[in-house]
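The residues making up each chain are set out below.
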Amino acid sequence: MNVINGKKIAQNLQASIKLKVDTLDRKPGLAVILVGDDDASEVYIRNKEDACKEVGFYLEIINRFDNISQEELLFEIERLNHDDKIDGILVQLPLPKHLDVNLVIETISPKKDVDGFHSENIGKLMQNKPFLHPCTPKGVMLMLESIEIDLVGKNCVVVGASNIVGRPMACELLNAKATVTICNSKTKNLSCKLIQADIVVVAVGIPKMIQSDWIKPGAIVIDVGINRLDNGCLVGDVDFESVRKVAGWIAPVPGGVGPMTIATLLKNTLTAYEARI
Ligand code: GUN
């Protein structure tokens, strides 16, 4: 079993972004909007802040109370759409329930949509003509690239069908000419699907759900889950200790996909910058 060190791959990617930024006249600019004071979101934003500092991006963090109106939030996004210092806009999810998340995402200019969630960017990904990719799935693709796996014709099973991870993940793998099965919480006989998979990507949010007897010996297992247990431990959706004995490659939690998501966000911001100049 080999561990895919997402932290290391992300550091290398960030170092190459920094080299590029050092040659630019203007710093690429990222705006992050946080509504309310969700603990997990605050941690994610702190990580993004550190990464932006490291590569030399201009960063604006916009913190709003959780009673902000839909109108005020859309107004803020429109302001950023027209702000020349800003190349990328990210609205941290989840949002409070009174806000329409789809309307918020669709209000972000597709040219500055560094999350890759706008329907225009998702449509381009579906057509295999991507511009800005959803960060986590693209981060997983970069991890697979780093271990030099030929994805053509490989059996891939994606567990989880969210708009943020599962669906775009399946699309990325399909674009790489893999054979893709998308499973969800209602899938019957999930273990029968998983045991045939050369590559498994799991994003369901259920701690240690994937056990070793569901995994084909030698398979590549990428765990996107981040679950905080009652004892404070951070674990993924894969039972790492048992699955590591069967898998050929495994991405751990923490230190796997998480840092890759942030590195891809920086890469998207640079791509958006380059498209604007
Ligand atoms: N919350 C959890 N993951 C994400 C993400 O990738 N983007 C945004 N905007 N919010 C998130």
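Residues numbered from 1 in each chain as written. Predicted model: local features only at pLDDT ≥ 70, side-chain atom pairs only at ≥ 80, totals over all residues. Heavy atoms only, no water.

Identification of the protein as Bifunctional protein FolD from Vesicomyosocius okutanii subsp. Calyptogena okutanii is taken from UniProt. In the Pathway part of its UniProt record, the protein is described as follows: "One-carbon metabolism; tetrahydrofolate interconversion." Under Sequence similarities, UniProt gives the following word-for-word description of the protein: "Belongs to the tetrahydrofolate dehydrogenase/cyclohydrolase family." (UniProt positions renumbered as here; feature names shortened; annotations may be inferred.)

Examining the UniProt feature "binding site: NADP(+)" in the protein
Those places that UniProt annotates as "binding site: NADP(+)" correspond, in this numbering, to Gly160, Ala161, Ser162, Ser185 and Ile226. By the element assignment, serine 162 lies in the loop between β5 (155-159) and α7 (166-175). Tracing the chain through its elements places isoleucine 226 in the loop between β8 (220-223) and β9 (227-228). For isoleucine 226, a relative accessible area of 45% puts it in the partly exposed group. Those residues in contact with isoleucine 226 that lie beyond four places of it in its chain are Tyr44, Leu234 and Val235. (Helix = DSSP H or I, 4+ residues; strand = E, 2+ residues; numbered from the N terminus. Buried < 20%, exposed > 50% of the residue type's maximum accessible area, 1.4 Å probe, protein only. Contact = heavy atoms within 4.5 Å.)

Here we look at the sheet that holds strand β6 (residues 179-183)
As summarised here, the arrangement of the six strands in space is β1-β11-β8-β7-β5-β6, forming an open sheet in which the pairing is parallel. Each edge of the open sheet carries a strand with a single partner, namely β1 (2-3) and β6. Pairing between β5 and strand β7 (residues 199-202): four bridges, direction parallel. Residue pairing across strands places valine 158 opposite valine 201, the latter belonging to β7. Where α7 meets the sheet, its contacts fall on β5, β6 and β7, and the angle it forms with β5 comes to roughly 170°. (Pairing = 2+ DSSP bridges. Axes fitted to C-alpha atoms, helices over the stretch in contact; angles between N-to-C directions.)

What to know about unusual backbone geometry
The bulk of non-glycine residues show a negative phi, and the bulk of peptide bonds are trans. Cis geometry is adopted by the peptide bond preceding proline 94, which originates at leucine 93 and carries an omega value of 5°. That bond from valine 253 to proline 254 is cis: its omega, -5°, falls within 30 degrees of zero. The phi dihedral of lysine 177 is positive, around 70°, even though this residue is not glycine. Looking at the secondary structure, you find lysine 177 in the loop between α7 and β6.

Considering the domain arrangement of the protein
As far as domains go, the protein holds domain 1 (24-110) and domain 2 (135-258). Spacing between the C-alpha centres of domain 1 and domain 2 amounts to 28 Å. (Domains from an automatic or database assignment.)

Some remarks on the sheet that holds strand β2 (residues 29-35)
Neighbouring strands of a sheet are bound in pairs by backbone hydrogen bonds; such pairs are parallel or else antiparallel. Pairing within the open sheet is parallel, and its three strands lie in the order β3-β2-β4. One side of each edge strand has no neighbouring strand; the edge strands of this open sheet are β3 (58-64) and β4 (88-91). Pairwise comparison of adjacent strand axes, ignoring direction, gives a mean angle of 15° for this sheet. Both β2 and β3 contribute to a ladder of seven bridges, which runs parallel. Across the sheet, residue valine 35 finds its bridge partner in β3, namely arginine 64. Sheet contacts for helix α2 (residues 39-55): β2, β3 and β4; angle to β2, the most-contacted strand, approximately 165°.

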